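Chains, contacts and geometry: an overview
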Amino acid sequence: MFVIVADDSRVMRQIVIRTLRQAGYDWQILEAADGQEVYDLTLDNNPDLVLSDWNMPNATGLEALIALRQAGSDVPFGFVTSEGSAEMREQATNAGALFLIAKPFTAESFKAAIDPVLG
Amino acid sequence: MNTLNIEVSKDQILGIVQEVFAAMLDMGETLIFEATKPTDLVDSLHAWVDMKLNLAEGPLTARAILCTSEETAQTITRTLLMTDEDEDVSFADLADAFGEIANMVGGNVKSLVRAPSELSMPVVSKEKDMSHEWLFLQDLHLVWRSQPLSVSLWVQPTTN
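Figured I'd write up the structure that's included with this text. (Residues numbered from 1 in each chain as written. Chains lettered and ligands numbered in written order. Predicted model: local features only at pLDDT ≥ 70, side-chain atom pairs only at ≥ 80, totals over all residues. Heavy atoms only, no water.)

Here the focus is the overall build of chain B. In terms of regular secondary structure, chain B is built from three helices and seven strands. Starting at the N terminus and ending at the C terminus, chain B contains elements arranged as α-β-β-β-α-α-β-β-β-β. Compactness check: chain B gives a C-alpha radius of gyration of 16 Å against a globular reference of 15 Å for 160 residues, within 12% of the reference. On the principal axes, the C-alpha backbone points of chain B span a range of 50 × 30 × 30 Å. The buried share of chain B, reckoned over its 160 residues, is 52%. For chain B, the proportion of contacts with a sequence separation of at least 24, taken over those separated by at least 6, is 70%. (Helix = DSSP H or I, 4+ residues; strand = E, 2+ residues; numbered from the N terminus. Rg over C-alpha atoms; globule rule 2.2 N^0.38 Å. Buried < 20%, exposed > 50% of the residue type's maximum accessible area, 1.4 Å probe, protein only. Contact = heavy atoms within 4.5 Å.)

Written out as structure tokens, the structure reads:
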């Protein structure tokens, strides 16, 4: 599996990558620091999954997802974000996201969200 | 001027902070508790996020501020990055790590308010930027691994 992990916080990207390993996912990771990078790296690299923060500079994770769908990408996409309100979950689903993991998270919450979409 | 009617209790803030610290810093253990009294912090550091809330009564901005000593913020950073106790922490990493804790606390507080809303990027500074008119809403004094830390909520009235 080849996965893009996006967060404007370098510390949080490190924690997400560590938690993925703790959850048993030994994946190849590419890091993105904003929504524009999510868009560009996804179209350039065609990853198996994108795990993205919501609130990022340049473009939000949601804007990146909407732009990717408009560009014809059907990359599996999930959010890892500090806000897990019903309103945001609905926006994420409507834009084509598969799941939204709210921070703080654990290896167990990663597995609960990610395992069902791996097929 | 809007009515300042967002209600967030101390118990709700404590629950959020305990969940964030247990999951991200303390391997699932609860090691942060309400303090019996406030502690004056020397060399304090502030991290905050703003929440723009579109309430039925009109727009309102709320601010969640975390405050602790720089030394404790360094411990938080080392714990998040899993680095050694004697390893130097850059201010960039410290601001990133402490800001992310504020971001998680603020994001979860925002989720309690049932209204369309936006969360700002976190800001970390040695000075609290309270240059605009902020009204105190709630605060909570805490102890984490014997170190003092506080969370406070403020609101800014918005004139329609």
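Alright, that's what it looks like, and here's the rest.
Turning next to helix α2 (residues 35–45) of chain A. Residues and elements named next belong to chain A. Buried residues of α2: Gly-35, Val-38, Leu-41 and Thr-42, and no others. Down the axis of α2, the buried side of the element spans an arc of 130°, and every buried residue falls inside it. Those residues of α2 hidden inside the fold are in contact with β1 (2–6), β2 (28–32), β3 (49–52), α3 (61–70) and β4 (77–81). Where α2 begins, the capping side chain belongs to Asp-34, and its oxygen is found 3.0 Å from the backbone nitrogen of Gln-36. Within two residues after α2, Asn-46 carries a phi angle of roughly 45°, on the positive side. (Arc of directions from axis to C-beta. Polar contact = N/O pair within 3.5 Å; in protein donor to acceptor, adjacent residues only side chain to side chain.)

With that settled, consider the packing of aromatic side chains. Residues and elements named next belong to chain A. Tallying each qualifying case throughout the model produces six aromatic pairs over all chains. Considering the side-chain rings of Trp-54 and Phe-79, the 4.8 Å spacing of their centres and the 40° angle between planes classify their relative orientation as tilted. Of this pair, Trp-54 sits in the loop between β3 and α3 while Phe-79 is found in strand β4, placing the two residues 25 residues apart along the sequence. Judged by its relative accessible area of 0%, Phe-79 falls in the buried class. An aromatic cluster of three or more residues is present, and its members are Trp-54, Phe-77 and Phe-79. (Phe/Tyr/Trp six-rings, centres within 6.5 Å; stacked < 30°, edge-to-face > 60°.)

Going through the model one piece at a time under the given rule, you end up with eleven salt bridges over all chains. The partner of Glu-83 of chain A in a salt bridge is Lys-110 of chain B, and the shortest N-O contact between them spans 2.3 Å. Placement of Glu-83 of chain A in the loop between β4 and α4 (86–95) and of Lys-110 of chain B in helix α3 (residues 91–112) is noted, with the two residues assigned to different chains. According to the relative accessible area criterion, Glu-83 of chain A is buried, its value standing at 3%. One salt bridge connects Asp-26 of chain B with Arg-145 of chain B, and the closest N-O pair in it is separated by 2.6 Å. Of the two residues, Asp-26 of chain B is situated in the loop between α1 (10–24) and β1 (32–34) and Arg-145 of chain B in the loop between β6 (135–144) and β7 (147–156); the sequence distance between them amounts to 119 residues. Taking the relative accessible area as the measure of exposure, Asp-26 of chain B reaches 3% and is therefore buried. A residue is classified by how much of its surface remains accessible, and Arg-145 of chain B, at 36% relative accessible area, is partly exposed. Connected through shared salt-bridge partners, Asp-7, Asp-53 and Lys-103 of chain A together with Glu-100 of chain B make up one network. (Salt bridge = Lys/Arg side-chain N within 4 Å of Asp/Glu carboxyl O.)

The next subject is the pairing of β1 of chain A. Residues and elements named next belong to chain A. Most of β1 sits inside the fold, with five of its five residues counted as buried. What you see with β1 is no split at all: Phe-2, Ile-4 and Ala-6 on one side and Val-3 and Val-5 on the other are buried throughout. In terms of strand pairing, β1 meets β2 through five bridges, oriented parallel. Looking at the pairing, Val-5 lines up with Glu-31 of β2. You can see the chain leave β1, run along helix α1 (residues 10–22) and come back into β2, and the turn it takes is right-handed. The pairing of β1 with β3 spans four bridges and is parallel. Opposite Ala-6, over in β3, you have Ser-52 as the bridge partner. (Pairing = 2+ DSSP bridges. Right-handed = clockwise from strand over helix to strand, strands pointing away.)

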